[in-house]
Each structure stands twice: as C-alpha cells, then as structure tokens.
Amino acid sequence: MAASKTILDIRGKQLKLETAADIAPFITGNSIGVEAAKDFGRLLETADELQLADFGDIFTGRTIEEIPAAIQALLDPLSHKTSLREINLNDNAFGERVVPFLTPFLETNHFIRVLRLNNNGLGPAGGKKIAEAVCKSAPTDGSRSNLEVVICGRNRLEDPGATAWAKAFEAHKTLTEVQMPQNGIRMDGAEALARGLVACSELQIVNFQDNAFIDVEMDEEGRKAVRAWGEAVKTSWPQLRFLDLSDCMLSNGEGEVPPLLEAFNDPNTKNLQNLQELRLQNNNLDAKSYEVLAQAVTKLTKLKRLDLQDNDDVEDNEHLDDIAEHLKAHGGKLFRTEEDEEEEDEEEEDVEEPREEAEEEKDIPAPLATEEKSAFEKVADTLA
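Computed from a predicted structure; not experimentally measured.

Asker: Outline the nonpolar core, supporting the account with residue identities and numerical values.
Answerer: Formed by 98 residues in total, the largest nonpolar core has its most connected members in Trp 165 and Trp 229. Residues contacting Trp 165, with those up to four places away along its chain left out, are Leu 115, Gly 127, Ile 130, Ala 131, Val 134, Val 150, Cys 152, Leu 157, Met 180 and Leu 193.

Asker: Mind laying out the packing of aromatic side chains, listing which residues take part and the relevant values?
Answerer: As enumerated under the stated definition, the model contains five aromatic pairs in all. Seen from their ring centres, Trp 229 and Trp 237 are 5.8 Å apart, and the 65 degrees between their planes marks the pair as edge-to-face. Of the two residues, Trp 229 and Trp 237, both sit in the buried class. Of the aromatic side chains, those joined through ring pairs into one cluster are Phe 208, Phe 213, Trp 229 and Trp 237. Here the basic side chain of Arg 305 rests over the ring of Phe 335, its NZ or CZ set 3.9 Å away from the ring centre. When the ring centre of Phe 335 is taken as reference, the NZ or CZ atom of Lys 333 above it lies at 5.3 Å.

Asker: Quick one: what's the story with the side chain of Ser 236, residue by residue and with numbers?
Answerer: Within the fold, Ser 236 resides in the loop between α8 (224–235) and β10 (242–244). Within the structure, the side chain of Ser 236 is placed 3.0 Å from the side chain of Thr 235, a separation counted as a polar contact. Aside from chain neighbours lying at most four places away, what touches Ser 236 is Val 198, Cys 200, Ser 201 and Asn 271.

Asker: Tell me what's going on with the pattern of salt bridges, and back it up with residues and numbers.
Answerer: If you walk through the whole model with that rule in mind, you get 21 salt bridges. The closest approach of N and O atoms between Glu 35 and Lys 38, which form a salt bridge, is 3.8 Å. A residue pair is termed a helical-turn pair when its members lie 3 or 4 positions apart in one helix, as Glu 35 and Lys 38 do in helix α2 (residues 34–44) at three residues. The closest approach of N and O atoms between Glu 191 and Lys 224, which form a salt bridge, is 3.6 Å. Here Glu 191 is found in helix α7 (residues 187–197), whereas its partner Lys 224 is found in helix α8, with 33 residues between them in sequence. Judged by its relative accessible area of 16%, Glu 191 is buried. Bridged by salt links that share partners, the residues Glu 277, Arg 279, Arg 305, Asp 307 and Glu 341 form one connected network.

Asker: Just give me the short version of the environment of Val 216, but keep the residues and values in it.
Answerer: The topology assignment puts Val 216 in the loop between β9 (205–207) and α8. Sequence separation of Val 216 and Leu 250 is 34 residues, and the distance between their C-alpha atoms is 9.6 Å. For Val 216, the residues in contact, after removing those within four places along its chain, are Arg 223, Met 249 and Asn 252.

Asker: So what's going on with unusual backbone geometry? Which residues, and what values?
Answerer: Leave glycine aside and you will find that most residues have negative phi; peptide bonds, for their part, are mostly trans. Backbone geometry places Arg 156, a non-glycine residue, at a positive phi of 50 degrees. As for its placement among the helices and strands, Arg 156 is situated in the loop between β7 (149–151) and α6 (158–172). Despite not being glycine, Met 249 shows a phi value in the positive range, around 50 degrees. Note on placement: Met 249 falls in the loop between β10 and α9 (259–264). Given the relative accessible area of 31%, Met 249 is considered partly exposed.

Asker: Residues and numbers for a negative patch on the surface, please.
Answerer: On the surface, Asp 310, Asp 313, Glu 315, Asp 316, Glu 338, Glu 339, Glu 342, Asp 345 and Glu 346 cluster together into a patch of negative charge. With respect to the helices and strands, the residue Glu 346 is situated in helix α12 (residues 338–350).

Asker: Quick rundown of the environment of Ala 296? Include the residues and the values.
Answerer: When you line up the elements, Ala 296 lands in helix α10 (residues 287–296). Put simply, Ala 296 and Phe 264 are 32 residues apart on the chain and 5.7 Å apart in space, counted from C-alpha to C-alpha. Apart from residues no more than four positions distant in its own chain, Ala 296 is found in contact with Phe 264 and Asn 265.

Asker: Run through the packing of α10 against helix α11 (residues 318–329), naming residues and quoting values.
Answerer: Contact pair α10 / α11: the axes reach a minimum separation of 8 Å and the direction vectors enclose 30 degrees. One way to sum up the angle between α10 and α11 is to call them roughly parallel. Viewed along their axes, α10 and α11 form a crossing whose handedness is left-handed. Here α10 contributes Ala 287, Tyr 290, Glu 291, Leu 293 and Ala 294 to the contact with α11, which in turn contributes His 319, Leu 320 and Ile 323. Here the contact of α10 with α11 is composed, by residue class, of six nonpolar, one polar and one charged.

Asker: I'd like a rundown of the side chain of Asp 307, residues and numbers included.
Answerer: Mapped onto the secondary structure, Asp 307 falls in strand β12 (residues 305–307). Excluding residues that lie within four positions of it along the chain, Asp 307 makes contacts with Leu 278, Arg 279, Leu 280, Gln 281, Phe 335 and Glu 341.

Asker: Report on the confidence of the model for the protein, specifying residues and quantitative values.
Answerer: Atom-level detail of predicted coordinates should not be read off regions where pLDDT is low. Looking at the protein as a whole, the pLDDT averages 85, with 82% of positions reaching at least 70. Contacts for the low-pLDDT stretch residues 355–360, under 50 throughout, to residues beyond four places or in other chains number one contact. Low pLDDT (under 50) marks residues 369–384, which in the prediction has 59 contacts with non-local residues, meaning those over four places away or in another chain.

Asker: Report on the packing of α6 against α7, specifying residues and quantitative values.
Answerer: Running from N to C, α6 and α7 cross one another at 5 degrees; their axes reach a closest spacing of 8 Å. When the interaxial angle is binned, α6 and α7 end up roughly parallel. Contacts from Asp 159, Ala 162, Thr 163, Trp 165, Ala 166, Phe 169 and Glu 170 in α6 reach Met 187, Asp 188, Gly 189, Ala 192, Leu 193, Gly 196 and Leu 197 in α7. Residues that form the contact of α6 with α7 fall into these classes: eight nonpolar, three polar and three charged.

What counts and what doesn't
- Residues numbered from 1 in each chain as written.
- Predicted model: local features only at pLDDT ≥ 70, side-chain atom pairs only at ≥ 80, totals over all residues.
- Heavy atoms only, no water.
- Core = buried A, V, L, I, M, F, W, Y, C linked by side-chain atoms within 4.5 Å.
- Buried < 20%, exposed > 50% of the residue type's maximum accessible area, 1.4 Å probe, protein only.
- Contact = heavy atoms within 4.5 Å.
- Phe/Tyr/Trp six-rings, centres within 6.5 Å; stacked < 30°, edge-to-face > 60°.
- Lys NZ or Arg CZ within 6 Å of the ring centre and 35° of its normal.
- Helix = DSSP H or I, 4+ residues; strand = E, 2+ residues; numbered from the N terminus.
- Polar contact = N/O pair within 3.5 Å; in protein donor to acceptor, adjacent residues only side chain to side chain.
- Salt bridge = Lys/Arg side-chain N within 4 Å of Asp/Glu carboxyl O.
- Patch = residues over 30% accessible without salt bridge, like charges linked within 9 Å, V, L, I, M, F, W, Y side chains within 5 Å.
- Areas by Shrake-Rupley, 256 points an atom, 1.4 Å probe, with all protein chains shown as cover.
- Lys, Arg positive; Asp, Glu negative; His and termini not counted.
- Charge placed at Lys NZ, Arg CZ, Asp CG, Glu CD.
- Axes fitted to C-alpha atoms, helices over the stretch in contact; angles between N-to-C directions.
- Parallel < 35°, antiparallel > 145°, perpendicular 65-115°, else oblique.
- Left-handed = near helix turned anticlockwise from the far one by under 90°.
- Nonpolar A, V, L, I, M, F, W, Y, C, P; charged D, E, K, R; others polar.
- pLDDT = per-residue confidence, 0-100.

Right, here's the structure in full:
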C-alpha cells in the first residue's frame, strides 16, 4: 500500500517492536511490547480525529504478564475520544486476567459504534465482566446509544457471559449487527439473548452459529430458547437481513419442527420481508421441517440463500425440490450439500459481476467475515 497521511497499514509484517524507536506508525498484525505501547499511547493522546483503533492481533509471542500494561497504555488515551467510532481487539489471547484493563475504557467511552472482541479467550467470567462494562456505558438519560455492532465470537462465554450480554443489548437498544458464534452458549443463555435482543428493533445481521439452543433430554422446558427466538423473529426485527443459526441444535431430529421455523410460516409474522440469507446447517431438521420451510419461502420474497447442509435427507426430498425451484426463479439458491457450496464458489470465480451505479442492496457478510481495515485513520498526521 502506498504511503498515506490518513491511512497507515503494515499488517502481517511480523515485526517485533520493543521500544519507542521501534514503534513508528506500526501496530496491527505485529507484536507490541509494553514500552512501545506506552509511547504509542502518548501519540494517541494527540490524535483528535481518530476514528478507528485497530488493535487486532498485536500481542503475538508476548507473555501474559506483558499484555495488561500494554493494553492499558493503548486504551487509556482513548477513553474520552469523542471521535472514536470503532475499536478492534480481535485475535488477542487476553484471557480473563486482562479484563480489568479493558473495562474502564468500555465503561467510559460512549462514542464507539463498532466493538470487535473476537477470539480473546475471555471465558464465562471475563465475558460477563466485559458485558457488564458495556451495559454501564448505555445512556440513562433517554438519549440514543451510539453502539451498533458487537462481534464477540469464540470466547467461551457460556450462559453467564451470554446472559450478561443480553442485558447489555437490551440497555443499548441500537444494535444493527450481533455476531457471537462458537461460545458454548446453551439453552438459558440462548433464551436470554433472544429476549434481550427483542429491544433492538433495528437489528439486521445476527450470527449465533455453533451454540446449543435445546436440551434434547428435557421436555418442553428444554425448548424455551427456540420458542423465545421464534417469538423474537415473529415480532421484533423488521430490518433483519441475515440470520445464521447453524449448528445450534434447533431440533431433536425425531420429526420435531422447531418453533423458530413455525414462526417463519406464521401468518402473523410480518417482520421478515427483508430477510436475504438464512443459514440453518446441521440442526437435525428433517422432512416435516422442510414442509414448513417450503410454505415459508413463498412469503420470504427477498430470500436469496437458504443453507440446509448437514441436515437429514437433504438430497432427496420433494419439499426441498420445491424450495430450490422457488428460490432459483427469484434469483436465489438452496444449499443442500458441500457440492452446492463448491459450485457457488466456482461460479463466483468465473463470473465477474458488473458494477452498477444504481441503488444496490447491501452485501450480507458471511459469519464473522468482517472487512479488514488499516490500523488507524487520521493518526498518520501525528506520526508523520
């Protein structure tokens, strides 16, 4: 990338920075020591127009003893930055012991719109404390919160962390995107999240892939999370465009139709007109669920992708044949097997989509496929 006064990017250069002399404008994708972080922190104090703080994967090879002081040095100068819009802390193996050095920033800065905390090893207790800090940052005077996007996957939040995040979402009410895959969340946490997110009427992108929504050994009590999600889909998210509940054990695999799918087909459901992508891989769905979905897709007029891979009998079912035909007629596609996925990849490689100046639909992200950005916008002027 050519040098720029507004964007600095040396991601992935495998630099190891120890001192103030080393730091220069370098950070994301490299390895930051304590003294380098302190000096960079002093520079951040003077960056009045800083909008993006990209601290993703900056502690490779560092000991757990180094990281708390380094992260504190980087975050303290940002606590009151009114210009800051996004903080990225992805792929740093913090663990719970670094949480006390994160929470003051999260409680204090009320201006960030995007919070990225993916793959940090927070655990249930650490995730709970982080969520409580985010909850404390919500306005209490009736004004609108600025927080719009939370990415917090692969952190082993489990039910304690999920329940705390549910309260944070309910407090802020302004979330448009929430992605929390692979967190070991079970029935109680999943139910709490559905009820918390009901308050977020502007929600557009939801990804809770690989968390368990039912307890197959329980009766109706074990289905409360799936029922809660069904009610939420039915009543609360009119702008929803992307929903990924793959690998969430939505059914027991014995002909049970998840309440969530029934909600898609409920005549009172009026909030799915904008749904473009629905991912339900590996959920023990079978012929009865496919019958319900076949009726539902006729009402989901903007649906372009339905993913049912790794469910039962997906290769030979008349209802799935009907779904595939309907989606194809409307420019969409049903994904039953890995071959469908591979075919789609090949088509994307062969066909270059023309750019259109006319109004376009917003792209739907794959789970946690968030666009990479350079380390800091605007801070280059300070460092030049």
